[in-house]
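Next come the chains, spelled out residue by residue.
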Amino acid sequence: MRQCTMERAAVVSGCRTPSVPEYNISTSTLAFNQHFITTAKGILLLAEIVCGMLVWILVGGTHYFHLSALCWVMFVAILCWILTVSLFIIYLIGAHKRIPQVPWTTVSLCLHCSAAVLYLVTAVVDALTVTEAIRGRHNYNCWAASAFFAFLTTLCYAGSSYLSFCDWKTTEEQQ
């Protein structure tokens, strides 16, 4: 009885006794990398996310489903947006350093190059579709704005493609 009381007192007072096991509670290996947001890659990824989101919000707020071309715009905009947000989160929390089995430079290069090409086609399709709407109406204004942001997003993906290519080339030379 006296030993149990002493063990409780030792636990309460903060002293460790041999009968109390020690556990490491903080085992998280992922951390927020606030420096990433200030890099050129981080800024371009944020620009891709914001501009890409504007594209699908502007198109999605209209009667786009009557035109199959705008369905393509929505598909590409949402797909690229989801993939870009996922890649941004991976870089932001440092998961790319924790999973070295994945060639992140190659993944980033493939994503950005394919997104740049897809968005270029999408921006042209979006711009050509603007003529289907009546000038000054809600659909016309939204589709024209979405075409502008689609071209802007294309430029962001092209810039990210260049940075990803430079990273990929450096990685390949080191190996």
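The rules we used
- Residues numbered from 1 in each chain as written.
- Predicted model: local features only at pLDDT ≥ 70, side-chain atom pairs only at ≥ 80, totals over all residues.
- Heavy atoms only, no water.
- UniProt positions renumbered as here; feature names shortened; annotations may be inferred.
- Helix = DSSP H or I, 4+ residues; strand = E, 2+ residues; numbered from the N terminus.
- Buried < 20%, exposed > 50% of the residue type's maximum accessible area, 1.4 Å probe, protein only.
- Contact = heavy atoms within 4.5 Å.
- Core = buried A, V, L, I, M, F, W, Y, C linked by side-chain atoms within 4.5 Å.
- Patch = residues over 30% accessible without salt bridge, like charges linked within 9 Å, V, L, I, M, F, W, Y side chains within 5 Å.
- Areas by Shrake-Rupley, 256 points an atom, 1.4 Å probe, with all protein chains shown as cover.
- Salt bridge = Lys/Arg side-chain N within 4 Å of Asp/Glu carboxyl O.
- Disulfide = S-S within 2.5 Å.
- Phe/Tyr/Trp six-rings, centres within 6.5 Å; stacked < 30°, edge-to-face > 60°.
- Axes fitted to C-alpha atoms, helices over the stretch in contact; angles between N-to-C directions.
- Left-handed = near helix turned anticlockwise from the far one by under 90°.
- Nonpolar A, V, L, I, M, F, W, Y, C, P; charged D, E, K, R; others polar.
- Polar contact = N/O pair within 3.5 Å; in protein donor to acceptor, adjacent residues only side chain to side chain.

If you check an unreviewed UniProt entry, the chain appears there as CKLF-like MARVEL transmembrane domain containing 8b from Seriola lalandi dorsalis. In its Subcellular location (unreviewed entry) section, the UniProt entry covering the chain states "Membrane".

Asks: Account for the overall build of the chain, with residues named and values stated.
Replies: From N to C terminus, the chain includes six helices and zero strands. Buried residues in the chain amount to 32% of all 175 residues. A separation of at least 24 residues holds for 75% of the contacts in the chain among residues at least 6 apart in sequence.

Asks: Outline the nonpolar core, listing residues and values.
Replies: By size, the foremost hydrophobic cluster in this structure holds 18 residues, and its most contacted members are Val55, Cys80, Tyr119 and Tyr157. Sorting the residues of this core by element identifies α2 (40-60), α3 (68-92), α5 (104-129) and α6 (138-174) as the ones contributing at least two each. The dominant element in this core, judged by the number of residues it contributes, is α3, at six residues. Within the second largest apolar cluster, nine residues are counted, among which are Leu45, Ile49, Trp104 and Leu111.

Asks: I'd like to hear about a nonpolar patch on the surface, residue by residue, with values.
Replies: Residues Trp72, Phe75, Leu79, Leu83, Val117 and Val121 make up a contiguous nonpolar surface patch of roughly 530 Å² in combined accessible area. Take the nonpolar patch: its biggest share by element is four residues, from α3. With respect to the helices and strands, leucine 83 occurs in helix α3. On the accessibility criterion, leucine 83 (39% relative accessible area) is partly exposed.

Asks: Please give an account of the state of the cysteines that cites residues and values.
Replies: Evaluation of the coordinates by the stated rule reveals zero disulfides. Cysteine cysteine 110 remains unbridged, with the sulfur of cysteine 113 as its closest cysteine sulfur at 7.3 Å. In this structure cysteine 110 comes out as partly exposed when scored by relative accessible area, which is 47%.

Asks: Which residues make up the packing of aromatic side chains, and what are the values?
Replies: Ring pairs (aromatic) are described by centroid distance and by the angle formed between their planes. Applying the stated criterion across every chain yields a total of eight aromatic pairs. With a centroid separation of 5.7 Å and 70 degrees between ring planes, the pair formed by tyrosine 64 and phenylalanine 65 is classed as edge-to-face. Here a set of aromatic residues connected by ring pairs shows up, and it is made of Phe36, Phe88 and Tyr91.

Asks: A description of the side chain of threonine 62 should follow, citing residues and the corresponding values.
Replies: Its place among the elements puts threonine 62 in the loop between α2 and α3. Its relative accessible area of 6% is what places threonine 62 among the buried residues. Look past the residues within four positions of threonine 62 in its chain and what remains in contact with it is His138, Asn139, Cys142 and Trp143.

Asks: Would you mind going over the UniProt feature "transmembrane region" (unreviewed entry) in the chain in detail, with residue names and values included?
Replies: Here the UniProt-annotated "transmembrane region" (unreviewed entry) positions come out as residues 43-66, 72-94, 106-125 and 145-165. For residues 72-94, the helix share is 91%, the strand share is 0%, and the end-to-end C-alpha distance is 33 Å. For residues 145-165, the end-to-end C-alpha separation is 30 Å, with 100% helix and 0% strand making up the annotated structure.

Asks: I'd like to hear about the packing of α2 against α5, residue by residue, with values.
Replies: Closest axis-to-axis distance for the α2/α5 pair is 13 Å, and the angle between their directions is 35 degrees. The two elements α2 and α5 cross, and the hand of that crossing is left-handed. For the pair formed by α2 and α5, the contact residues are Leu45, Glu48, Gly52, Val55 and Val59 on the first element and His112, Tyr119 and Asp126 on the second. Its residues placed into classes, the contact of α2 with α5 shows four nonpolar, two polar and two charged.

Asks: Tell me about the side chain of serine 108, and name the residues and values.
Replies: With respect to the helices and strands, the residue serine 108 is situated in helix α5. Only 2.9 Å separates the side chain of serine 108 from the side chain of serine 164, close enough to count as a polar contact. The contacts of serine 108, once residues within four sequence positions are left out, are Leu87, Tyr91 and Ser164.

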